[in-house]
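Residue-level structure breakdown
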Amino acid sequence: MDSPVVKTSKGAVRGTVDEAVEVFKGVPYAGTTAGANRFRPPVPREAWDGELDATAYGASSPQGTGSAAAMPEELLSILGVLADAHEQGEDCLVLNVWTPRSGDGGARPVMVWLHGGGYTSGSGSSRVFRGARLAARGDVVVITLNHRLGPFGFLELAEVGGDAYADSGNVGILDIVAALQWVQQEIAAFGGDPGNVTIFGESGGGGKVSTLLGMPIARGLFHRAVVQSGPGLRSTELTDATATSRAVLEALGLDETRVDELQTVPAADLLAAAGKVTGGGIGFAGGSSRGFGPVLDGRSITAHPFDPVAPSGAADIPLLIGTNKDEAALFVVMMPGFDDMDDAAHENLLRAIAGERADALLAAYATTRPGSTPAERTVAAMTARFWAGSILQAERKAAASTAPTFMYLLTYETDVYGGRLKSPHALEIPFVFDMVDDSAFTGSWDGRQRLADAMSDAWIAFARSGDPNHPGLPTWPPYSAHDRSTMIFDRDCRVDVDPMAEERLAWEGAAVGTLAEPAVLGV
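Residues numbered from 1 in each chain as written. Predicted model: local features only at pLDDT ≥ 70, side-chain atom pairs only at ≥ 80, totals over all residues. Heavy atoms only, no water.

1. Examining empty space enclosed by the protein
In this approach a probe as big as a water molecule rolls over the atoms, and the regions it shows empty are the leftover space. Quick reminder of the rule: A cavity here means a set of 1 Å grid points, computed over protein atoms only, where a 1.4 Å probe fits but cannot escape. A pocket is an open set with protein on both sides within 12 Å along at least 5 of 7 lines, and lining residues have an atom within 4 Å of a point. Grid points are joined across faces, edges and corners, and a volume is the space filled by probe spheres set on the points. By definition, any uninterrupted DSSP run of H or I lasting at least four residues is a helix, any uninterrupted run of E lasting at least two residues is a strand, and each is numbered from the N terminus.
Within this structure, the stated rule accounts for three cavities of 30 Å³ or more. Considering only enclosed or pocket space, the largest cavity measures out at about 80 Å³ in volume. Along the wall of the largest cavity there are 13 residues; nearest its centre are Lys-325, Ala-380, Thr-383, Trp-387 and Met-500. Broken down by secondary-structure element, the contributors of at least two residues to the lining of the largest cavity are strand E11 (319-324), helix H12 (374-399) and helix H15 (501-507). The leading source of residues in the lining of the largest cavity is H12, at four residues.

2. Some points on the confidence of the model for the protein
Short version of the rule: Within a predicted model, pLDDT stands for the predictor's per-residue confidence, ranging from 0 to 100. Residues are treated as being in contact if the distance between any of their heavy atoms lies within 4.5 Å.
Of all residues in the protein, 93% have pLDDT values of 70 or greater, and the mean over the chain is 92. Confidence drops under a pLDDT of 50 for residues 282-288, and excluding neighbours within four residues, the segment shows 29 contacts in the predicted structure. Scored below 50 in pLDDT, residues 513-523 shows 53 contacts in the model against residues more than four places distant or in partner chains.

3. Describing the sheet that holds strand E5 (residues 51-53)
The test is simple: A pair of strands is considered paired only if DSSP assigns at least 2 bridges between the two. Only the stretch in contact is used when fitting a helix axis, every axis being a line fitted to C-alpha atoms; angles between N-to-C directions are given from 0 to 180 degrees.
Ordered by their spatial adjacency, three strands build an open sheet running E1-E2-E5, and the pairing between neighbours is mixed. For this open sheet the edge positions go to strand E1 (5-7) and E5, each flanked by a neighbour on one side alone. Taken pair by pair, the neighbouring strands of this sheet meet at an average axis angle of 30°, ignoring direction. One ladder, built from three bridges, connects strand E2 (residues 12-14) with E5; its direction is parallel. Its bridge partner being in E5, Arg-14 is matched across the sheet by Asp-53.

4. A short note on the side chain of Lys-25
Which entries qualify depends on this criterion: Exposed residues in this analysis have more than 50% of their type's maximum accessible area, buried residues have under 20%, and partly exposed residues fall in between, with area computed by a 1.4 Å probe over protein chains only. In this tally, Lys and Arg are treated as positive and Asp and Glu as negative; His is ignored, and so are the chain termini. Counted as salt bridges are all cases of a side-chain nitrogen of Lys or Arg within 4 Å of a carboxyl oxygen of Asp or Glu.
Residue placement: Lys-25 occurs in strand E4 (residues 21-28). One buried charge, Lys-25, has no salt-bridge partner; the nearest side chain with opposite charge is Asp-18, at 6.2 Å. Residues in contact with Lys-25, not counting those within four places in the same chain, are Ala-54, Thr-55, Ala-56, Tyr-57, Leu-95 and Asn-96.

5. Details of unusual backbone geometry
Between Asp-307 and Pro-308 the backbone carries a cis peptide bond, its omega angle lying at 10°. Within the element layout of this structure, Pro-308 appears in the loop between helix H8 (267-278) and E11. At Lys-422, a residue that is not glycine, the phi angle is positive and equals roughly 60°.

6. Let's talk about the nonpolar core
Here is a general trend for soluble globular proteins: nonpolar side chains tend to be buried in one another's company. Basically, it comes down to this: Only buried residues count toward a nonpolar core, which is a set of Ala, Val, Leu, Ile, Met, Phe, Trp, Tyr and Cys residues joined through side-chain atoms within 4.5 Å.
Val-112, Leu-212 and Phe-222 are the most contacted members of the largest nonpolar core, which has 87 residues in total. Those residues in contact with Val-112, other than ones at most four positions away along the chain, are Ile-143, Leu-145, Leu-180, Val-183, Val-197, Thr-198, Ile-199 and Phe-200. Core analysis: the second largest hydrophobic core is formed by 62 residues, Met-334, Leu-410, Ala-452 and Ile-460 among them.

7. Re the side chain of Arg-38
We count it as follows: Whenever two N or O atoms come within 3.5 Å, that pair is a polar contact, provided that in protein one can donate a hydrogen and the other can accept it, and provided that, for residues adjacent in sequence, both atoms are side-chain atoms.
Within the element layout of this structure, Arg-38 appears in the loop between E4 and E5. What makes Arg-38 buried here is its relative accessible area of 4%. There is a polar contact of 2.8 Å between the side chain of Arg-38 and the backbone oxygen of Val-265. Excluding residues that lie within four positions of it along the chain, Arg-38 makes contacts with Thr-33, Glu-90, Phe-152, Leu-262, Gln-263, Thr-264, Val-265, Pro-266, Ala-267 and Leu-270.

And the structure:
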């Protein structure tokens, strides 16, 4: 059937078919966030008559350009984001569903993707997140979604605006909770199993997964979790978030007696004021006094997700977590003169991000990376925010859980952009989504589909059972501080125990959980 129809509790939705997979785009999971609903928790969507056209993506949250403005067109083209412009608007609480078959009682595993871009950019409508192949490959239901970002999702106004704005600092995360509640209520009609839901996300999406693991209100809404290159150890402190909000008010020429006027400020003006306050930064949790991200508000978020320990409420949820070997390369290769930086510049940067651990790290890199350039060692140091932070999160989760934790490291190097990117941020996404044929980002190696088979099947197996092992991989043991078994995804996959151990030891004690989390164009 070219135009499948599914009846939800709010009304019927009519989709389309993509590679024999049914697709329903722009399905509302909550009401508009505009006007009086701005800065407020999501409200239910009103029912509709007839069939809602679900053949086109819905609006994305209002947002700025993020780090796109700094990237050359060649790199943007390689990433596959040049064709990703979508309508923006405050009626943005929509999701997209890919299912092998709706209405057949299939009770398939459900995989809910949370997009990256920090907490200020990105969209579940990006073509790099097209779920048709993953759904068909694994006989699973794949969902992507949009939610509020930046000042629309994380402007903490409780102290300046009172009880009416008590939840304003976390409405972007509460949107995701509402989407997961929609899954519980509606997904069976689409052929999915509400009792087997996996949340997975990359970069900022991984941070969102981490945050949800620690939220009491989200318990029972998902059953497995995957954090890709986005460890989330801490939320933004309430005092820092409030200071940001006061600065946004000031940038708009408003004082605390005029907080209600924020609900009628044009979206473009609010974005401009937020960009002025953050310096155009993308926002992150725990790493800045001027940014946007989940807030430790004592209401929906009552403790830091993984600091000092893992959340006890997530003890029974299996976790798959990992990073790419050269995460930071994507953010620095376009910087003029970066490749030619000298030893002094490298040392200065390392001291700035690692503090008292810098001497130990300088010594470790001299031993572990002989012959490397200062630029290469700098990429390694900047990547630690992802890699060492993920190790710490995995350790804490494994120590406090009855469910297993599995660790991976992508070391496959793409040869695009002159080979300068190596194993950068976001490279694993087309492999996980089984989209290598549509992604120039993955390079020219003729065996890359084999790596996609290994990775996508691992994610599917994990979604189905909580264990990523499958016949196409060597045996993958769980991870802990006592057994640091790590799946190395490369041209030939293997398991290493404690890879880069000397560098890990050198980083221990550094504040990797609070290093800035960069955005990458919403991926």
